[in-house]
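Topology and contacts: notes
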Amino acid sequence: MSHVGKKNVVAEAVGLTKRFGTHTAVEGVGFCICEGEVLGILGANGSGKTTLLRMLSGLMQPTAGHTRIRGEDIGGPSLEARRQVGFLTGNTQLYEKLTPRDILHIFGQLYGLEGPPLLERINTLADEMCLHAFLDKRCGQLSSGMRQRVSVARALIADPSLYILDEPTATLDPMASNDIVELICKAKARGRAVVFSTHRMEEIEYLCDRVLFLREGRVATQGTLEALKRQSAQSKLTDIFLHFAQGGA
């Protein structure tokens, strides 16, 4: 994969395939992502985006293919590869009787954080995600937007090498969405790799180094926005999306 150059590869997907009975949700998807790179996953509803991200994170076992994180198979016996992944899925639930602080503390401990480093990480995320106003309220009392912020913070508590975010701004207002966008920018600046799906074209244009289009579970195309503009003969990302979603080559 020529775009890698001399950068350090964080994650590599090789021939990822998932079948549910006779239905193939994802077939033969491959790509890699390097430190300080943001890859956007686009596709129409039902194109396989969430299934792909779940396989990439190790949450779902592929029918065929594999994911390597820092060269180690995420489906292997060692947990080290999984520790380097922070995954936010669209239907993640929170423990309603716990506070965001409780949840971040518990999940931080699961990742091996303790004492001052854990408290500092919680405080950093509370700053970046604007959690302080409700950090000690029970999650059952929070709005959907607040809950989404907490879910993002929980996924990123260990500051993993790879961020995998499935529509992280879907339920957020513009101000809260901007917090997520800025969080991704800061992660990129620290050399983290980010893979995320979204239906918001402005986020793709602002954040992504490359874009991968899924169509019916297969890679329709992938590349930089400039390359996709040339390939599709379209200048606007919405038109590029429609071009590839509707079968354009």
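Side note on the overall build of the protein
Of regular secondary structure, the protein possesses nine helices and ten strands. The principal-axis extent of the C-alpha atoms belonging to the protein is close to 50 × 40 × 40 Å. A total of 249 residues make up the protein; the buried ones form 48% of that total. If you take every contact in the protein between residues at least 6 apart in sequence, the share linking residues at least 24 apart comes to 68%. Of the accessible surface of the protein, which amounts to about 11,700 Å², a share of 50% is contributed by carbon and sulfur atoms. Here the protein carries 29 positive and 27 negative side-chain charges, and the mean point of each set is 3 Å from the other.

A look at the environment of Val-181
By the element assignment, Val-181 lies in helix α6 (residues 174-189). Taking the relative accessible area as the measure of exposure, Val-181 reaches 9% and is therefore buried. Sequence separation of Val-181 and Tyr-163 is 18 residues, and the distance between their C-alpha atoms is 13 Å. Excluding anything up to four places from it in sequence, Val-181 contacts Glu-203, Tyr-206 and Leu-207.

A short note on the sheet that holds strand β1 (residues 9-20)
Read across the open sheet, the four strands follow the order β2-β1-β4-β5; overall the sheet is antiparallel. One side of each edge strand has no neighbouring strand; the edge strands of this open sheet are β2 (23-34) and β5 (72-73). Strand direction decides the pairing type here: β1 and β2, joined by eight bridges, are antiparallel. Residue Val-9 lies in a different strand from β2, and its bridge partner there is Cys-34.

So, the confidence of the model for the protein
Mean pLDDT over the protein: 91, with 96% of residues reaching 70 or higher. Predicted confidence is poor over residues 1-5, with pLDDT under 50, and the contacts of this stretch with residues over four places away or in other chains come to nine contacts.

A few points about the pairing of strand β4 (residues 64-69)
One ladder, built from five bridges, connects β1 with β4; its direction is antiparallel. Counterpart to Val-14 in the pairing with β4 is His-66. Sheet topology note: the β4/β5 ladder contains two bridges and is antiparallel. The partner of Ile-69 across the bridge, within β5, is Glu-72. The hairpin formed by β4 and β5 contains two residues between the paired strands, and Arg-70 there has a positive phi angle of roughly 55 degrees.

Concerning the side chain of Thr-99
Following the sequence through the fold, Thr-99 ends up in the loop between β6 (85-88) and α3 (100-110). Residue classification places Thr-99 among the buried residues on the basis of a relative accessible area of 11%. Not counting chain neighbours up to four residues away, the residues in contact with Thr-99 comprise Leu-135, Asp-136, Lys-137, Arg-138 and Cys-139.

Looking at the nonpolar core
If you look at the biggest cluster of nonpolar residues, it comprises 45 residues, and the most contacted ones within it are Leu-42, Leu-131, Val-194, Phe-196, Ile-204, Val-211 and Phe-213. No other element matches the six residues that α6 contributes to this core. Beyond its immediate stretch of four places on either side in the chain, Val-211 contacts Leu-39, Gly-40, Leu-42, Ile-204, Thr-221, Gln-222, Gly-223, Leu-225 and Leu-228. Formed by 27 residues, the second largest nonpolar core is a distinct cluster that contains Ala-11, Ala-13, Phe-87 and Leu-162.

Brief notes about the environment of His-199
Along the chain, the position of His-199 falls in the loop between β8 (193-197) and α7 (201-207). Judged by relative accessible area, which is 36%, His-199 ranks as partly exposed. Linking His-199 and Lys-188, residues eleven residues apart in sequence, is a C-alpha distance of 20 Å. In terms of polar contacts, His-199 uses its side chain to reach the side chain of Asn-45, at 3.1 Å.

Brief notes about the sheet that holds strand β7 (residues 162-166)
Read from one edge to the other, the open sheet built from six strands follows the order β6-β7-β8-β3-β9-β10, with strand pairing classed as mixed. Across the chains shown, the open sheet's two edge strands, defined by having one partner strand only, are β6 and β10 (218-223). Within the sheet, the average angular offset between the axes of one strand and its neighbour, ignoring direction, is 15 degrees. Here β6 pairs with β7 via four bridges, running parallel.

Quick notes on the rules
Residues numbered from 1 in each chain as written. Predicted model: local features only at pLDDT ≥ 70, side-chain atom pairs only at ≥ 80, totals over all residues. Heavy atoms only, no water. Helix = DSSP H or I, 4+ residues; strand = E, 2+ residues; numbered from the N terminus. Buried < 20%, exposed > 50% of the residue type's maximum accessible area, 1.4 Å probe, protein only. Contact = heavy atoms within 4.5 Å. Areas by Shrake-Rupley, 256 points an atom, 1.4 Å probe, with all protein chains shown as cover. Lys, Arg positive; Asp, Glu negative; His and termini not counted. Charge placed at Lys NZ, Arg CZ, Asp CG, Glu CD. Pairing = 2+ DSSP bridges. pLDDT = per-residue confidence, 0-100. Core = buried A, V, L, I, M, F, W, Y, C linked by side-chain atoms within 4.5 Å. Polar contact = N/O pair within 3.5 Å; in protein donor to acceptor, adjacent residues only side chain to side chain. Axes fitted to C-alpha atoms, helices over the stretch in contact; angles between N-to-C directions.

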